[in-house]
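What follows is each chain in one-letter form.
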Amino acid sequence: MALANEAVARPRSVSLDVHAVSHAYDLEGRVLDVLDGIELAVRPGEFVALLGPSGSGKSTLLRLAAGLERPRAGALLEDGQPITAPDPSRILVFQDPTLFPWRTVWWNVATGLEARGLLAKHRHRVDDALALVKLETFANAYPHQLSGGMAQRVAIARALVNDPQLLLLDEPFGKLDSLTRLSMQNELLSLWQKVGFTALLVTHDVEEALLLANRVIVFSDRPARIVAEIAVDKPHPRRRDDPELVELRRAVLATLGISADV
Amino acid sequence: MTDAIQALGSGGYASAESAARIWKAGLYAALAWAATAVVTVALPDVVPWGSAGLFAAITGAGAAILTVLAFSVSRLGKAGERIIYYGPWFIALGIWFLLWEVSTAKLGWLPKPFFSPPHGLLNVYVVDGPRLLVCILYTLRLWGLGFFSGIAVGFIAGVALGWSARVNYWGMPVLKLIGPVPATAWIPATFYFFPTTFAASIFIVALSAGIPVAILTASGVSSVNRAFYDVARTLGADNRYLVFKIAIPASLPHVFVGLFMALYYSFAVLVVAEMLGAKYGLGWYIQFQQAYSGYANVYATLIIMSVICAGIIKLLFVARDRLLGWQKGIL
């Protein structure tokens, strides 16, 4: 695994601690409470899914973890160090691939290395990351030439090339068609198993959360509190129709206040 | 499936057939051009204009070339296709020259000095060619210095206005006030501030080019999708990287709209800018000839100016297509 062959061996993953985090936005003079006393500890290498109603502040927690914003109260710690600014060790993958349309696929993936002045020495890492998402033949394509699934794979490669120890995924497959979504879920899973980063996945797809995560955290409506925490102790690969998963799905839907007969 | 094969087959036949055929539009065009040549030499001018023989020779040569092309154009491949595409234009030009000749020089319906036949304009280039050439160089020097310094300053100002909230707070209202004022209105002030009239002229051209570039660059930079900045920041980008590698490339489509506007504005003020004590230049030449009712010279110069302007616009399009190739499919 070429991406792992760093001169300085770094730990492949970090822990993320969320301590009593509350956050709010000012909206046209009103204060909109988004997060209310979130308490969460993610172990190194763990895959945690955040599940909740839309607009419940799941994405806000990811922005805070990425360091794009500071919480109004509480603190977020990466391996015990407070998170105050964005850092390439924690990369956020958005629902939209948000590729830079003026850059080829190769240069999109190279962005992080270029921004930190590492590109000259580490050009091969761009090629490796593209190979990892099976897009090496599209290196010179522009984003508008890609399908939705390919674009999202480029976005994931753009994150992975930086060797993130914490990958923050904000509904990364939300806009993909259902077949593409299934194959992307498998790809993400195998990347996580191969590379070994800590993953925090925001999703509103209960099945996706149960298929991928070690632990599923269920958020309430805004302002979000954690209403349930479900450990999924099944080894990967998991089957969608596994009776235990079906049972868990029923339980999760119940915590979200939705009948499982849907 | 069979339909597709048939369609392909018939398409192949059609092109083979047209290859064997003669290019009719070329023949009609040749006819019109030949008629112009004959009329120009055969009928006397109402008032002498000069260069009638030369014009007849040129249009006659054009007719000869068009005749040859009419039989050979299908063998010229891609260039031939372009020539065929412009066939109707060659016909129109020939008819236009003919009507123009007849109504001005031959019948005098459109009289001297207000109108000129085509060979009258040709005569200007023949008689005053060297002086016009010097004027072209002077104009290009003034335009080049003004345009490029204007768009450089306008671009930098636009990036600052679009990027920095503080620069925007102070700069945007000023720009919005100055923007609609015609650049030529600043002539009195520029005379006071600039040591030479040449520098003042450059400033007027620069101002007319700089303002649209500044406004559109600013709007381009400030309308960049915020998510691009978030992505770049999580990937470790600093402010410098955000400006040069995200904000500027993302706003280039806007910048190019500004550049096209700058080009037109700068050409429009060029004539006025050359009134400021210039000794050469196409604008100066137009002014000078107008004073002596040399309208043929004025028309001849206007043709030169529009050809230069069209050429520069073409260059700008080429530059845009090279730089903004990534936009294909987005537009």
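Residues numbered from 1 in each chain as written. Chains lettered and ligands numbered in written order. Predicted model: local features only at pLDDT ≥ 70, side-chain atom pairs only at ≥ 80, totals over all residues.

The name an unreviewed UniProt entry assigns to chain B is NitT/TauT family transport system permease protein, from the organism Kaistia hirudinis. Reading the Sequence similarities (unreviewed entry) entry of the UniProt record for chain B gives the comment "Belongs to the binding-protein-dependent transport system permease family." (UniProt positions renumbered as here; feature names shortened; annotations may be inferred.)

With an unreviewed UniProt entry as reference, chain A is termed NitT/TauT family transport system ATP-binding protein, source organism Kaistia hirudinis. What the UniProt record of chain A gives under Sequence similarities (unreviewed entry) is the line "Belongs to the ABC transporter superfamily."

Participant: Whenever I open this one, the overall build of chain A confuses me. Can you help?
Facilitator: Helix and strand counts for chain A stand at 7 helices and 10 strands. Taking 262 residues into account, the globule formula puts the C-alpha radius of gyration at 18 Å, and chain A, at 18 Å, falls close to it. With the C-alpha coordinates aligned to their principal axes, the bounding extent of chain A is approximately 50 × 45 × 40 Å. The burial tally for chain A puts 44% of its 262 residues in the buried class. Considering only intrachain contacts with a sequence separation of at least 6, the fraction spanning at least 24 residues in chain A is 71%. (Helix = DSSP H or I, 4+ residues; strand = E, 2+ residues; numbered from the N terminus. Rg over C-alpha atoms; globule rule 2.2 N^0.38 Å. Buried ≥ 20, exposed ≤ 12 C-beta atoms within 10 Å, placed from the backbone. Contact = placed C-beta atoms within 7 Å.)

Participant: Please explain the overall build of chain B as it appears in this structure.
Facilitator: Broken down by element type, chain B carries 13 helices and 0 strands. Ordered by position from the N terminus, the helices and strands of chain B form the series α-α-α-α-α-α-α-α-α-α-α-α-α. Relative to the compact-globule value of 20 Å for 331 residues, chain B shows a C-alpha radius of gyration of 27 Å, a clear excess of over 25%. If one aligns the C-alpha atoms of chain B with their principal axes, the spans along those axes are about 75 × 75 × 30 Å. Within chain B, the fraction of its 331 residues that count as buried is 36%. Sequence-distant contacts in chain B: of pairs separated by 6 or more residues, those separated by 24 or more amount to 76%.

Participant: How do you make sense of the UniProt feature "domain: ABC transmembrane type-1" (unreviewed entry) in chain B when you look at a structure like this?
Facilitator: Within this numbering scheme, the UniProt entry marks residues 136-316 of chain B as carrying the feature "domain: ABC transmembrane type-1" (unreviewed entry). As a span, residues 136-316 of chain B carries 83% helix and 0% strand, and end to end its C-alpha atoms are 20 Å apart.

Participant: Explain the sheet that holds strand β6 (residues 90-93) of chain A to me, please; I cannot follow it from the model alone.
Facilitator: All names here are of chain A. One open sheet holds the 6 strands; their spatial order is β6-β7-β8-β3-β9-β10, and the pairing between them is mixed. Pairing within the sheet leaves two strands with one partner each, and these edge strands are β6 and β10 (226-231). Across the sheet, the mean angle from the axis of one strand to that of its neighbour is 15°, orientation sign disregarded. Pairing of strand β7 (residues 166-170) with strand β8 (residues 198-203) involves 5 bridges; the strand directions are parallel. (Pairing = 2+ DSSP bridges. Axes fitted to C-alpha atoms, helices over the stretch in contact; angles between N-to-C directions.)

Participant: It is not clear to me how helix α12 (residues 282-291) of chain B should be interpreted in this structure. Could you clarify?
Facilitator: Quick reminder: α-helices carry 3.6 residues per turn. Residues three or four places apart thus point the same way. All names here are of chain B. Within α12, burial applies to Leu282, Gly283, Trp284, Tyr285 and Ile286. For α12, the secondary structure elements touched by its buried residues are α6 (118-163), α11 (239-273) and α13 (295-323). Two residues or fewer past α12, serine 293 is found with a positive phi of approximately 55°.

Participant: Explain the UniProt feature "domain: ABC transporter" (unreviewed entry) in chain A here, please?
Facilitator: The positions that UniProt labels "domain: ABC transporter" (unreviewed entry) are, in the present scheme, residues 16-248 of chain A. The annotated region residues 16-248 of chain A carries 32% helix and 27% strand content, and the separation between its end C-alpha atoms amounts to 25 Å.

Participant: In this structure, what is going on with the UniProt feature "transmembrane region" (unreviewed entry) in chain B? I would like to understand it.
Facilitator: With numbering aligned to this structure, UniProt lists the feature "transmembrane region" (unreviewed entry) at residues 25-43, 49-71, 83-100, 147-165, 185-216, 255-278 and 298-319 of chain B. In this annotation, residues 185-216 of chain B is assigned 84% helix and 0% strand; the end-to-end C-alpha distance for the span is 22 Å.

Participant: Even after reading the chapter, I still don't get the interface of chain B and chain A, so can you show me in this structure?
Facilitator: One frequent convention defines the size of an interface as the accessible area lost when the parts assemble. Every contact between the two is made by 17 residues of chain B and, on the other side, 19 residues of chain A. When residues of the side of chain B that touches chain A are traced back to their parent elements, those giving at least two are α10 (226-234) and α11 of chain B. For the side of chain B that touches chain A, the leading source of residues is α10(B), giving 7 residues. Counted by class, the side of chain B that touches chain A contains 11 nonpolar, 3 polar and 3 charged residues. (Nonpolar A, V, L, I, M, F, W, Y, C, P; charged D, E, K, R; others polar.)

Participant: Hey, could you run me through helix α9 (residues 197-222) of chain B in this one?
Facilitator: Residue and element names in this part refer to chain B. The end-to-end C-alpha distance of α9 is 37 Å, a good match for the 38 Å that 26 residues give at a rise of 1.5 Å each. The largest bend in α9 amounts to roughly 25° and is located at glycine 210, with the proline proline 212 lying one to four residues further along. For α9, a buried count of 21 out of 26 residues is recorded, marking the element as mostly surrounded by other parts of the structure. (Expected span 1.5 Å × (residues − 1). Bend = angle between axes of the 7 residues up to and from the residue.)

Participant: For this particular structure, what's the right way to read the nonpolar core?
Facilitator: General note: in soluble globular proteins, nonpolar side chains tend to be found buried as a group. Membership of the largest hydrophobic core comes to 126 residues, with the highest contact counts inside it found for A:Ala157, A:Leu168, A:Leu200 and B:Val205. Looking at this core element by element, the count peaks at 15 residues for α9(B). When neighbours within four sequence positions are excluded, A:Leu200 is seen to be in contact with A:Leu16, A:Val42, A:Val48, A:Leu50, A:Leu62, A:Ala65, A:Leu166, A:Leu168 and A:Leu169. B:Trp33, B:Trp100, B:Ala105 and B:Ala300 belong to the second-largest nonpolar core, a separate cluster that totals 26 residues. (Core = buried A, V, L, I, M, F, W, Y, C linked by C-beta atoms within 7 Å.)

Participant: What is the right way to look at unusual backbone geometry in this model?
Facilitator: Only a minority of non-glycine residues have a phi that is not negative, and only a minority of peptide bonds are not trans. Cis peptide bonds are those with omega within 30 degrees of zero, and the linkage from A:Arg222 to A:Pro223 qualifies with -10°. With respect to the secondary-structure elements, A:Pro223 resides in the loop between β9 (215-219) and β10. Cis peptide bonds are those with omega within 30 degrees of zero, and the linkage from B:Lys112 to B:Pro113 qualifies with 0°. By the secondary structure assignment, B:Pro113 is in the loop between α5 (87-106) and α6. Although it is not a glycine, B:Ser293 adopts a positive phi angle of roughly 55°. Mapped onto the fold, B:Ser293 is located in the loop between α12 and α13.

Participant: What is the right way to read the packing of α10(B) against α11(B) from this model?
Facilitator: The angle between the axes and the distance between the axes are what describe a pair of packed helices. Residue and element names in this part refer to chain B. Relative orientation of the contacting elements α10 and α11 amounts to 150°, with a least axis distance of 11 Å. If you check the angle between α10 and α11, you find them roughly antiparallel. The handedness of the crossing between α10 and α11 comes out as right-handed. Here Phe228, Tyr229 and Ala232 of α10 lie close against α11, whose contacting residues are Tyr241, Leu242, Ile246 and Ala250. Looking at the contact of α10 with α11, its residues break down into 7 nonpolar, no polar and no charged. (Parallel < 35°, antiparallel > 145°, perpendicular 65-115°, else oblique. Left-handed = near helix turned anticlockwise from the far one by under 90°.)

Participant: Would you take a moment to explain the pairing of β6(A) for this structure?
Facilitator: Residues in a regular strand project their side chains so that they alternate between the two faces of the sheet. Residue and element names in this part refer to chain A. Burial along β6 is two-sided: the face carrying Arg90 and Leu92 and the face carrying Ile91 and Val93 are both buried. Across 4 bridges, the pairing between β6 and β7 is parallel. Bridging across to β7, leucine 92 finds its partner in leucine 168.

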